[in-house]
Structures are given as structure tokens and as C-alpha cells.
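Residue-level structure breakdown
Now for the letters of each chain:
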Amino acid sequence: MRDNPLEMKLPWRTRRQESAVLDVGHESPPPQEETQPSPGLEAALAGVPSDGSCGVLDLGPAVAGNLDFVSAFASRVQIVDLYGGGNAKTAAPMPDFERGMQVLRDLVPVASGTFHLVLTWDLLAYLPSHRIGDLVGALAALCRPEARLHAIVPTTEMIPAAPNRYRIIDAESLVYEPATTDLRGGPELPPNAVDRLLEGFEIEHSFVLRHGVREYVATRNVER
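Residues numbered from 1 in each chain as written. Predicted model: local features only at pLDDT ≥ 70, side-chain atom pairs only at ≥ 80, totals over all residues. Heavy atoms only, no water.

Considerations on the pairing of strand E12 (residues 213-220)
A large share of E12 lies buried, amounting to 8 of its 8 residues. Both faces of E12 are covered, namely the face carrying Val213, Glu215, Val217 and Thr219 and the face carrying Arg214, Tyr216, Ala218 and Arg220. Bridge count for strand E11 (residues 201-209) against E12 is 8 bridges, and the pairing is antiparallel. Note on E12: the bridge partner recorded for Glu202 is Thr219. Between the antiparallel neighbours E11 and E12 lie 3 residues, among them Gly212 with a positive phi of about 95°. (Buried < 20%, exposed > 50% of the residue type's maximum accessible area, 1.4 Å probe, protein only. Helix = DSSP H or I, 4+ residues; strand = E, 2+ residues; numbered from the N terminus. Pairing = 2+ DSSP bridges.)

Some points on the pairing of strand E4 (residues 74-79)
Here is the key point about a regular strand: its side chains alternate between the two faces of the sheet. Examined bridge by bridge, strand E3 (residues 54-58) and E4 share 5 bridges and lie parallel to one another. Residue pairing across strands places Cys54 opposite Ala74, the latter belonging to E4. You can see the chain leave E3, run along helix H2 (residues 64-71) and come back into E4, and the turn it takes is right-handed. (Right-handed = clockwise from strand over helix to strand, strands pointing away.)

Remarks on unusual backbone geometry
The residue Trp121 is not glycine, and still its phi comes out positive at about 55°. Relative to the helices and strands, Trp121 is located in strand E5 (residues 115-121). In this model, Glu146 sits at a positive phi of 70°, which is unusual for a non-glycine residue. Position of Glu146 among the secondary structure elements: in strand E6 (residues 143-154). The partly exposed category is assigned to Glu146, whose relative accessible area is 47%.

A look at the layout of surface pockets
To find leftover empty space, one rolls a probe the size of a water molecule over the atoms. Put simply, the largest pocket is a space of about 490 Å³. As for the largest pocket, its lining consists of 23 residues, and the residues nearest its centre are Glu34, Pro160, Asn164, Tyr176 and Pro178. Counting only elements with at least two residues in the lining of the largest pocket, the list comes to strand E2 (34-37) and strand E7 (158-160). The element that contributes the greatest number of residues to the lining of the largest pocket is E7, accounting for 3 residues. Among the residues making up the lining of the largest pocket, the classes are represented as 11 nonpolar, 8 polar and 4 charged. (1 Å grid on protein atoms, 1.4 Å probe; cavity = no way out; pocket = protein on both sides within 12 Å on 5 of 7 lines; lining within 4 Å. Points joined across faces, edges and corners; volume = space filled by probe spheres on them. Nonpolar A, V, L, I, M, F, W, Y, C, P; charged D, E, K, R; others polar.)

Notes on helix H3 (residues 97-111)
End to end, H3 covers 20 Å across 15 residues, agreeing with the expected 21 Å (1.5 Å per residue, within 8%). Residues of H3 that are buried: Phe97, Gly100, Met101, Leu104, Leu107 and Ala111. Along H3, the residues classed as buried sweep out an arc of 115° about the axis, all on the same side. Set apart from the buried face of H3 by more than 90 degrees, the exposed residues are Arg99, Pro109 and Val110. Against E3, E4, E5 and helix H4 (129-142) lie the buried residues of H3. (Expected span 1.5 Å × (residues − 1). Arc of directions from axis to C-beta. Contact = heavy atoms within 4.5 Å.)

As for the sheet that holds strand E9 (residues 173-177)
Taken in spatial order, the 3 strands make up an open sheet running E2-E9-E8, and their pairing is antiparallel. Because the sheet does not close on itself, it has two edges, and the strands there are E2 and strand E8 (165-170). Strand-to-strand, the axes of this sheet are offset by a mean angle of 30°, without reference to chain direction. As defined by bridge partners, E8 adjoins E9 across 5 bridges and the pair is classed as antiparallel. Counterpart to Asp170 in the pairing with E9 is Ser173. (Axes fitted to C-alpha atoms, helices over the stretch in contact; angles between N-to-C directions.)

Description of the side chain of Glu177
Take Glu177: it is sitting in strand E9. Polar contacts involving the side chain of Glu177 include one to the side chain of Arg165, which spans 2.6 Å. Side chain to side chain, Glu177 and Arg167 meet in a polar contact 2.8 Å long. The residues touching Glu177, leaving out its near neighbours within four places in the chain, are Glu33, Asn164, Arg165 and Arg167. (Polar contact = N/O pair within 3.5 Å; in protein donor to acceptor, adjacent residues only side chain to side chain.)

Structural notes on the confidence of the model for the protein chain
In low-pLDDT regions, the fine details of the predicted coordinates are not to be read closely. Looking at the protein chain as a whole, its pLDDT mean stands at 85, while 81% of the residues score no less than 70. Below pLDDT 50 for its whole length, residues 4-25 participates in 16 contacts with residues either more than four positions away or in separate chains. Low pLDDT, under 50, characterises residues 86-91; the stretch is placed with 11 contacts to residues that sit more than four places away or in other chains. (pLDDT = per-residue confidence, 0-100.)

Shown next as C-alpha cells:
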């Protein structure tokens, strides 16, 4: 596994004067979108066919810009929304996860060994380890040998209470769109834990980013 730290400058932000008077009725501001570099996405895309034959499996919500982007080089784009529209007020951050998993299982008999690229976004941060195992097992069956899997794993103590939505700007950058301003404890997923969880895949790239995430690019093992 190659570990490539990415040095970035964070933009200075002007600090606004806070009022000394507490406004009890004031609502929390909406979540703020942030554009961040994505060397992991760039590395994942570099390893898939660019001739229009690529199959892409997106495990996040449908995002029009993402579909437009991957359709430029993919002949098949399958979206299985494991996020399920979850938010901080639901009983679980991904209420439709089980339904999405059933969709993946149903795909295996008809699409085994089909996909060249899987976009898992930050799913690994919101699933218990046994559910990650179920997910990765289904993905291994659906992926071609040497297919790329891209994952974003937060490294901070606190993370959004529900998964972010991610919008592709280009091959090197993403917009992070939080679903909520509420927070929860971050996952305890050091690189060796991620390596164990991605059984059937081998981590080829790991990028430490200054905004508190680590991006992984894993390759489907040739031996199946």
C-alpha cells in the first residue's frame, strides 16, 4: 500500500463578529458545501478504460452532474443508493441500506464481473464492520479483475451525523455537500482496518488530505 500525503493550503476565512446577545430563536445555518481536491478519484479513474466500455457502480444518491461526468467514458452506469436519503433525524443514517443491499445481491447473477469502477464515497464510515463485509463481498462478485474501488474515510474525531453527498467537478476535485450540521463520533478505521475490511481488493493508493479524510483506491484481486 502506498501512502501519499497531499499538501494543501487552506483558504483563510474572515471571522465575523459574534453578537453578545443570544438570539434564542435563531436557527442553525444550513450545511456549507466545500470543494476539495480528490487525488483518490483521479487515481481510480486513471485505471479504468477510457474507450467507452467502462462499467461504473455508484453507491451514492443520483447526482445529475456525476452521471454526466461518468457517462463520458462509461457504457454502463448503475446507481444503487445505499444512502437512502438518510438524515440526522432518522433512526439510522442510511434507512434504506438493506433494500440497497438486496438490489446488489439481485445484480450478482446477471452482472457478475461487470464493473470497472465502484464509487463507495464515505459509506465505510457509517456501517458496522459486519455490514461492510456484506457490502464488500457483493462488490467483489460484481467487479471485474483489477476493477477500482474508491473510498473516502474521515480521520477526524467527529463527522456529520449522516453521509455527505458528493458532486464531481472534474477528475481531480469533488464538492462535499453535508446533509446536516449535526455531528456524531468518527469511525475508528485506520489503514490496517480498512485493508482487512476490503477483502477481495488490494489497496494500491492511500492519500491523506488536509481537510480530515483519507482516500483509498483498491484494486479487485485477479484471483477470484
